[in-house]
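Summary of the model geometry
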Amino acid sequence: MAINRRVLTLDEFTIQQMRSIPGATGELSGLLRDIGLAAKRVNVEVNKAGLVDILGDAGTTNVQGEEVKKLDIFANNQFMGVLRHGINCAGIGSEEMDDFVIFDDEISMNSKYVCMFDPLDGSANIDVNVSIGTIFSVFKRVTERGTPVTAADFLQPGNRQVAAGYVIYGSSTILVYATKRGVNGFTLDQSIGEFSLSHPDIQCPPTGKIYSVNHGHFFQYTPGVQDYIHACQAKNASNGGPYTQRYIGSMVSDVHRNLIKGGIFMYPAIKDKPGGKLRLMYECNPFAYIVEIAGGVATDGTQRILDIQPTGLHQRTPFYVGSKLMMEELNSYLTK
Ligand code: P6P
């Protein structure tokens, strides 16, 4: 029977990518396949949430002081388990874990990569059936293989990522990942249980008509941010508008939509979050890497997200990301 080569599965795609890179060892491809496996297991639980006792709060709070949902813990355990028992990851940092986790068996310690995860972003939306997602970032370790990883392996600037991606558990389940070779999206084909290439070579449109921000915080934003939001509201057919405001409150969905259609997503600093709400290492760095590879821009309002030298696993940052020309217009307001 002829094999349908038109639609590659994630596994086929990562192996094809590996074959085209001289000297590739296949470890990164294997790591991405491991992440895809864990995402499929999380997807099963997310899709039946509400039918089984996995909704609601776990009765604990995480290092961020936020209520942990049962699905948060399940997702964290899935990604931790697959990577710990795989052969491609030496340790992980997770939103759900106070400190990074060293995989101290001999095979894991000999692995080349470490990962950062937000296992289930937007989990406050779980109980009301709004789409949620997983976000991940991959670094090559800087310490010697064969030894336990250290903080230095994780606290690298985002410009040293070798891959990053996200999974959206929504109307369909899609995994998007980027390497320096490009951004590609894979939709879970339930008939074969495989992520299949659906969005090859994703490019972020240079401009768009969607702006995403929480208007409820408007009076806490700086004048520059407020002026840019007013400029978005004033757009009309004569100056690239009219714009639409879209804000789901689930970062993976908001940024994914704007990546595909063109747009800008903003989470500025506010009074009770002067350093911003979103985390640098496992939310902003991965999306900044993906969007930049796709042709967009990501800053903290003053510098490239990917150039920030991290000082802590869970540090936060103001976050602006999206279409190049829209980000340039935003910057003209922030630097006035
Ligand atoms: P707010 C979800 O909790 C999250 O971390 C992101 O997914 C989302 O973009 C943001 O927070 C929403 O925050 O303050 O607007 O509800």
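Residues numbered from 1 in each chain as written. Predicted model: local features only at pLDDT ≥ 70, side-chain atom pairs only at ≥ 80, totals over all residues. Heavy atoms only, no water.

Let's talk about the nonpolar core
- Tyr-228, Met-266, Phe-287 and Phe-319 are the most contacted members of the largest nonpolar core, which has 59 residues in total.
- In terms of domain composition, this core takes at least three residues from each of domain 1 (10-199) and domain 2 (210-334).
- Other than its neighbours up to four places away in sequence, Phe-319 contacts Met-251, Phe-265, Met-266, Tyr-267, Leu-278, Cys-284, Phe-287, Ala-288, Ala-298, Thr-299 and Ile-305.
- In terms of nonpolar packing, the next biggest core, distinct from the first, is built from 38 residues, Ala-75, Phe-79, Ile-126 and Leu-175 among them. (Core = buried A, V, L, I, M, F, W, Y, C linked by side-chain atoms within 4.5 Å. Buried < 20%, exposed > 50% of the residue type's maximum accessible area, 1.4 Å probe, protein only. Domains from an automatic or database assignment. Contact = heavy atoms within 4.5 Å.)

A few points about the packing of aromatic side chains
- On inspection of all chains with the given rule, the structure shows eleven aromatic pairs.
- On the numbers, 5.0 Å between centres and 35° between planes, the contact of Tyr-166 with Phe-287 is tilted. Highlighted residues: Tyr-166 in strand E7 (residues 161-169) and Phe-287 in helix H8 (residues 280-293), separated in sequence by 121 residues.
- Measuring from ring centre to ring centre gives 5.9 Å for Tyr-177 and Phe-186, while their planes differ by 5°; the resulting arrangement is stacked.
- Here the aromatic cluster, defined as three or more aromatic residues joined through ring pairs, consists of Phe-13, Tyr-177 and Phe-186. (Phe/Tyr/Trp six-rings, centres within 6.5 Å; stacked < 30°, edge-to-face > 60°. Helix = DSSP H or I, 4+ residues; strand = E, 2+ residues; numbered from the N terminus.)

Brief notes about the site of the ligand
- Around the ligand, a shell composed of 13 residues is seen, among which Asp-121, Asn-214, Tyr-247, Met-251 and Tyr-267 lie nearest.
- Between the ligand and Asn-214, the relevant distance is 2.9 Å, taken from an oxygen atom to a side-chain nitrogen or oxygen of the residue.
- If the ligand stood free it would expose 400 Å²; the protein chains cover 81% of that surface.
- Of the residues assigned to the shell around the ligand, the class counts are five nonpolar, five polar and three charged. (Near = heavy atom within 4 Å. Polar contact = N/O pair within 3.5 Å; in protein donor to acceptor, adjacent residues only side chain to side chain. Areas by Shrake-Rupley, 256 points an atom, 1.4 Å probe, with all protein chains shown as cover. Nonpolar A, V, L, I, M, F, W, Y, C, P; charged D, E, K, R; others polar.)

Description of the domain arrangement of the protein
- Each assigned domain of the protein is listed with its residue range as follows: domain 1 (10-199) and domain 2 (210-334).
- Placing a centre on the C-alpha atoms of domain 1 and another on those of domain 2 gives a separation of 23 Å.
- Residue-level contacts link 46 residues of domain 1 with 32 residues of domain 2.
- Buried surface at the junction of domain 1 and domain 2, summed over both partners, amounts to about 2,800 Å²; 63% is from carbon and sulfur atoms. (Buried area = accessible area lost by both parts, 1.4 Å probe.)

Concerning the sheet that holds strand E12 (residues 244-245)
- Read from one edge to the other, the open sheet built from five strands follows the order E12-E11-E13-E15-E14, with strand pairing classed as mixed. For this open sheet the edge positions go to E12 and strand E14 (297-299), each flanked by a neighbour on one side alone.
- With two bridges joining them, strand E11 (residues 210-212) and strand E13 (residues 264-267) adopt parallel strand pairing. Residue Ser-212 lies in a different strand from E13, and its bridge partner there is Phe-265.
- Its contacts with the sheet place helix H7 (residues 251-261) against E11, E13 and strand E15 (319-322), and it is angled at close to 160° to E11. (Pairing = 2+ DSSP bridges. Axes fitted to C-alpha atoms, helices over the stretch in contact; angles between N-to-C directions.)

Some words on the pattern of salt bridges
- Per the counting criterion, the structure on display carries ten salt bridges.
- Across the pair Glu-27 and Arg-145 runs a salt bridge whose closest N-O atoms are separated by 3.1 Å. Taken together, the residues Glu-27 in helix H2 (residues 27-48) and Arg-145 in the loop between strand E6 (132-140) and helix H5 (151-154) connect sequence positions 118 residues apart.
- The exposure class of Arg-145 is partly exposed, given its relative accessible area of 36%.
- Between Arg-304 and Glu-292 there is a salt bridge, with its nearest N and O atoms 2.8 Å apart. With Arg-304 in the loop between E14 and E15 and Glu-292 in helix H8, the pair connects residues that are twelve residues apart, well separated along the chain.
- A relative accessible area of 22% means that Glu-292 is categorised as partly exposed.
- Among the charged side chains, a salt-bridge network with shared partners connects Glu-27, Lys-112 and Arg-145. (Salt bridge = Lys/Arg side-chain N within 4 Å of Asp/Glu carboxyl O.)

Brief notes about the pairing of strand E9 (residues 182-189)
- Most of E9 is tucked away: six of the eight residues are buried.
- Linking two consecutive strands that pair antiparallel, namely strand E8 (residues 173-179) and E9, is a turn of two residues.
- Across five bridges, the pairing between E9 and strand E10 (residues 194-199) is antiparallel. For Thr-187, the partnering residue across the bridge sits in E10 and is Ser-196.
- The antiparallel hairpin formed by E9 and E10 contains four residues in its connecting segment, where Gly-193 sits at a positive phi of about 70°.

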